[in-house]
Amino acid sequence: MTSTSSPVLAAAGQRPAKLYRYSHHTWLERSLSLGEFRLRAPLQGLTMPQSGKQILPLAAKQDMSAGYLTLSLAHAWDDALFDLFSGADACLVIHDTEEFGERIHHAAQKTLPSWAGIDAAMSYGMPSPLGAAFSKSRQSAPEREWLFAWRPTQAMPIFNPVTIRIGSVESIAEIRLRSA
């Protein structure tokens, strides 16, 4: 496990060479220029466009009061991911994942000072050694998720999203529009 300058921040394994955030171009512009990212509780899942069913991590299905916040990105470029995330018309491509990860953890620590954070690849179809937050069903494997997660040092239910700002990421990222 690689630790950063703070004992509560860590990356489990080496971060991938690039990270991808599929979303609406408008939101990604804010991420690119302001470094604005929204941390959400896992029970605030996504809705599958074809079925209307919610996509929730295993932890949220098992414990609806899961007390942690997450930021999800993909660790692979895949045109199919535009369809998976309803309304996604663009992708924020992070070229320097180490700097990005350090800045995300630093901003989260300033906003959530008594929280511990870690980031790692999601485990699909089997429990992750990092716990339920990093475990999803095998059916979710196409997401190819790299997850940043934070939990308070004392258990508490978390329901409201938290927005953090890491400053412009224009020097380490770009926005790619969905091809027609």
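The residue count restarts for each chain, going from 1 along the sequence in the order it is written. In keeping with the model being predicted, local features are shown solely for residues with a pLDDT of at least 70 and side-chain atom pairs are shown and tallied solely at 80 or more, while totals for entire chains, interfaces and linings include all residues. Note that water and hydrogens are dropped before the side-chain values are worked out from all heavy atoms of the structure.

So, on to the overall build of the chain. In DSSP terms, a helix is any run of H or I states spanning at least four residues, a strand is any run of E spanning at least two, and both are numbered starting from the N terminus. Per the secondary structure count, the chain includes 4 helices and 14 strands. Taken across its 180 residues, the chain has 48% of its residues classed as buried. Computed with a 1.4 Å probe, the accessible areas rest on the Shrake-Rupley method; for each residue, only the protein chains presented here act as cover. Of the roughly 9100 Å² of accessible surface on the chain, 53% is carried by carbon and sulfur atoms. To sort residues, take the accessible area from a 1.4 Å probe on protein chains only and compare it with the maximum for the residue type: under 20% means buried, over 50% means exposed, and anything in between is partly exposed.

Looking now at the packing of aromatic side chains. Here the aromatic set is Phe, Tyr and Trp, taking the six-membered ring for Trp, and pairing holds for ring centres within 6.5 Å; pairs whose planes are under 30 degrees apart are stacked, those over 60 apart are edge-to-face, and all others are tilted. Using the criterion set out here, one finds 8 aromatic pairs in the structure. Here the aromatic residues Tyr 20, Tyr 22, Trp 77, Phe 82 and Phe 85 are joined through ring pairs into a cluster of three or more. To sit over a ring, a charge needs its Lys NZ or Arg CZ within 6 Å of the ring centre and within 35 degrees of the ring normal. Sitting over the face of the ring of Trp 77, Arg 176 holds its NZ or CZ atom 5.4 Å from the ring centroid.

Glancing now at the nonpolar core. To define a nonpolar core, start from buried Ala, Val, Leu, Ile, Met, Phe, Trp, Tyr and Cys residues and group those joined through side-chain atoms within 4.5 Å. Among the nonpolar cores identified, the biggest contains 29 residues, and Leu 71, Phe 100, Ile 104 and Phe 148 are the most heavily contacted of them. Those elements that place two or more of their residues in this core are α1 (25-34), β4 (36-39), β7 (69-74), β8 (90-94), α4 (97-111), β12 (145-152), β13 (162-165) and β14 (173-177). Looking at this core element by element, the count peaks at 4 residues for α4. Leaving out residues up to four positions away in the same chain, Leu 71 has contacts with Arg 21, Phe 37, Arg 38, Leu 39, Phe 100, Ile 104, Trp 146, Leu 147, Phe 148 and Trp 150. With 10 residues, the next largest nonpolar core counts Tyr 22, Ala 74, Leu 81 and Phe 82 among its residues. We call two residues in contact whenever any of their non-hydrogen atoms come within 4.5 Å of each other.

The next subject is the pattern of salt bridges. A side chain of one charge can pair with a side chain of the opposite charge if their charged atoms are brought near each other. Counted as salt bridges are all cases of a side-chain nitrogen of Lys or Arg within 4 Å of a carboxyl oxygen of Asp or Glu. One pass over the full model with this rule turns up 11 salt bridges. For Arg 30, the salt bridge is made with Glu 36, and the minimal N-O distance between the two is 2.7 Å. Glu 145 serves as the salt-bridge partner of Lys 136, at 2.8 Å between the closest nitrogen and oxygen. Among the charged side chains, a salt-bridge network with shared partners connects Arg 15, Glu 98, Glu 102 and Asp 119.

On to unusual backbone geometry. Positive phi outside glycine occurs at Arg 144, with the angle close to 45°. Here Arg 144 shows up in the loop between β11 (135-136) and β12.

Here we take up α4. Count 3.6 residues to each turn of an α-helix, and residues three or four apart come out pointing the same way. Taking 1.5 Å as the rise per residue, α4 with 15 residues should run 21 Å; its terminal C-alpha atoms sit 21 Å apart, in good agreement. Taken as a whole, α4 has its buried residues at Thr 97, Phe 100, Gly 101, Arg 103, Ile 104, His 105, Ala 107 and Ala 108. Any helix carries an expected span of 1.5 Å times its number of residues minus one.

By themselves, these are just geometric observations and shouldn't be taken as functional.
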